[in-house]
Amino acid sequence: MNEQPSNGKAIAGLVLGIVSIVLIFFGAYGAIFGLICGVVGIILSIKARNENLTGIATAGFVCSIIGTVLCAVGFVACACLLGGLASVGASLQ
Amino acid sequence: MAQIQLGPIVLSSYAFFALCGAFACLIYGLFCIPKAQREQSAYLLCYAGIGALVGAKLLYILVSLPEISAHMDQWIYYVSSGFVFYGGLLGAIIGSVFYCHEFHKDSYGQTNVLVPMIPLFHAFARIGCFFSGCCYGAESEFLGLPTFSVYANPMETNRIPVQLIEAGMEFLLFLFLQFYKENRLYAYLVFYSIGRFLLEFWRGDPQRGIWILSTSQWISIGIWFFLSLRFIQSYHHTK
């Protein structure tokens, strides 16, 4: 039956979403793993929702998005910093 | 002002303005995406967002590889602080195409309405760059604004506000795409690549390219070359 694989994906998405939210509180390394968990959770939840729209799939989708966004915000300092780090070294000398 | 304090929460300026951009895109989506299409658009945007994150980071790592390999003990700092817009754009396009292919959706129908979100989000992100002090412009007493950037040398001087100029260009592109509704992605790429190519001459970052042009300028040339080939191909096809 198609319902069981999609239930598995939905549950996995929910678990990964919750894990990604928790990992925000573990510093930069936690944020990296949280980001990875959140991204995988989003993909699994979307697949589950497309196959079979359930409350668990929706909850997993929402938790994964929240976890991913919070990890990304906590992790990202600045974008397009090409060569900027060399300037930091030069300016501090 | 590299950080913004909202009560007990301290956010980097870039993260704050990126969130503002995401919120603006949400408002745009609520007004402009047909109701029947919203759910699928949300899923497509998730795939595009993941692609953008991966693409922007990978291209940054690729062009910064010599610097990162020379400071492997600080890899977490280098990996967390850098993205390249063109890498993100390419990643978003790949993510969108992958989503439409996997779930058998019409890629043009699904993505055309979402394209204006690119310049809208990017405009806010560039304002965030200005306040963060990254992607700074060249020094100029005549055209510059007083700026402070921990990434620049000297840190405090008058610089051309290329971040704000690009943000203005992106807002204009967003407005243009409200009136031009066919093949919006091509239209956006045509105008953005020209603007980016020209603005790169006013950037003050250290040399970050190949030979006389920056990485982004070479990519802009590549985009124009690709679009020209597609135009010639479609012209011959309709003939």
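Residues numbered from 1 in each chain as written. Chains lettered and ligands numbered in written order. Predicted model: local features only at pLDDT ≥ 70, side-chain atom pairs only at ≥ 80, totals over all residues. Heavy atoms only, no water.

Per an unreviewed UniProt entry, the recorded name for chain B is Prolipoprotein diacylglyceryl transferase, and the organism is Faecalicoccus pleomorphus. As recorded by UniProt, the Sequence similarities (unreviewed entry) comment attached to chain B reads in full: "Belongs to the Lgt family." (UniProt positions renumbered as here; feature names shortened; annotations may be inferred.)

As recorded in an unreviewed UniProt entry, chain A goes by the name DUF4190 domain-containing protein, listed as coming from Faecalicoccus pleomorphus.

Trainee: Give a detailed account of the overall build of chain A, specifying residues and quantitative values.
Mentor: Scanning chain A from terminus to terminus reveals four helices and zero strands. Scanning chain A from its N terminus toward the C terminus, one meets helices and strands in the order α-α-α-α. Here chain A has roughly 4,300 Å² of accessible surface; of this, 74% comes from carbon and sulfur atoms. (Helix = DSSP H or I, 4+ residues; strand = E, 2+ residues; numbered from the N terminus. Areas by Shrake-Rupley, 256 points an atom, 1.4 Å probe, with all protein chains shown as cover.)

Trainee: Describe the environment of A:Ala48, with residues and values.
Mentor: Relative to the elements of secondary structure, A:Ala48 occurs in helix 2 (residues 27–51). By relative accessible area, A:Ala48 is classed as buried at 0%. (Buried < 20%, exposed > 50% of the residue type's maximum accessible area, 1.4 Å probe, protein only.)

Trainee: Residue-level account of the UniProt feature "transmembrane region" (unreviewed entry) in chain A, with values.
Mentor: In this structure's numbering, the residues bearing the UniProt feature "transmembrane region" (unreviewed entry) are residues 12–44 and 56–86 of chain A. This span, residues 12–44 of chain A, is 88% helix and 0% strand, and a straight line between its end C-alpha atoms measures 7 Å.

Trainee: Please provide a residue-by-residue account of the packing of helix 7 (residues 117–132) of chain B against helix 8 (residues 162–179) of chain B, values included.
Mentor: All names here are of chain B. Contact pair helix 7 / helix 8: the axes reach a minimum separation of 8 Å and the direction vectors enclose 165 degrees. As judged from the angle between their axes, helix 7 and helix 8 are roughly antiparallel. Considering the relative orientation of helix 7 and helix 8, their crossing is left-handed. Only Gln163, Leu164, Glu166, Ala167, Glu170, Phe171, Leu173, Phe174 and Leu177 of helix 8 make contact with helix 7, whose side of the interface consists of Pro119, Leu120, His122, Ala123, Phe124, Arg126, Ile127, Cys129 and Phe130. (Axes fitted to C-alpha atoms, helices over the stretch in contact; angles between N-to-C directions. Parallel < 35°, antiparallel > 145°, perpendicular 65-115°, else oblique. Left-handed = near helix turned anticlockwise from the far one by under 90°. Contact = heavy atoms within 4.5 Å.)

Trainee: Residue-level account of a nonpolar patch on the surface, with values.
Mentor: Residue and element names in this part refer to chain B. Among the surface-exposed residues, Phe142, Leu143, Ile165, Ile194, Leu198, Phe201, Trp202 and Trp224 lie close enough to one another that they form a single nonpolar patch of about 850 Å² accessible area. Summarising the element assignment, leucine 143 is placed in the loop between helix 7 and strand 3 (145–148). Take leucine 143: its relative accessible area is 47%, and that puts it in the partly exposed class. (Patch = residues over 30% accessible without salt bridge, like charges linked within 9 Å, V, L, I, M, F, W, Y side chains within 5 Å. Salt bridge = Lys/Arg side-chain N within 4 Å of Asp/Glu carboxyl O.)

Trainee: Provide a residue-level description of the pattern of salt bridges, including the pertinent values.
Mentor: Residues and elements named next belong to chain B. Scanning the model with the defined rule gives seven salt bridges over all chains in all. Taking the shortest distance from any N to any O, the salt bridge between glutamate 166 and arginine 196 comes out at 3.9 Å. Pair noted here: glutamate 166 is in helix 8 and arginine 196 is in helix 9 (residues 184–199), with a separation of 30 residues, a long-range link. On the accessibility criterion, arginine 196 (3% relative accessible area) is buried. Ionic contacts of the salt-bridge type, sharing partners, join the residues Arg126, Glu166, Arg196, Glu200 and Arg203 into one network.

Trainee: So what's going on with the packing of aromatic side chains? Which residues, and what values?
Mentor: Residue and element names in this part refer to chain B. Tallied over the full model, the rule gives 17 aromatic pairs over all chains. Ring geometry for phenylalanine 130 versus phenylalanine 131: centroids 5.6 Å apart, planes at 80 degrees, classification edge-to-face. For phenylalanine 130, a relative accessible area of 19% corresponds to the buried category. For phenylalanine 131, a relative accessible area of 28% puts it in the partly exposed group. (Phe/Tyr/Trp six-rings, centres within 6.5 Å; stacked < 30°, edge-to-face > 60°.)

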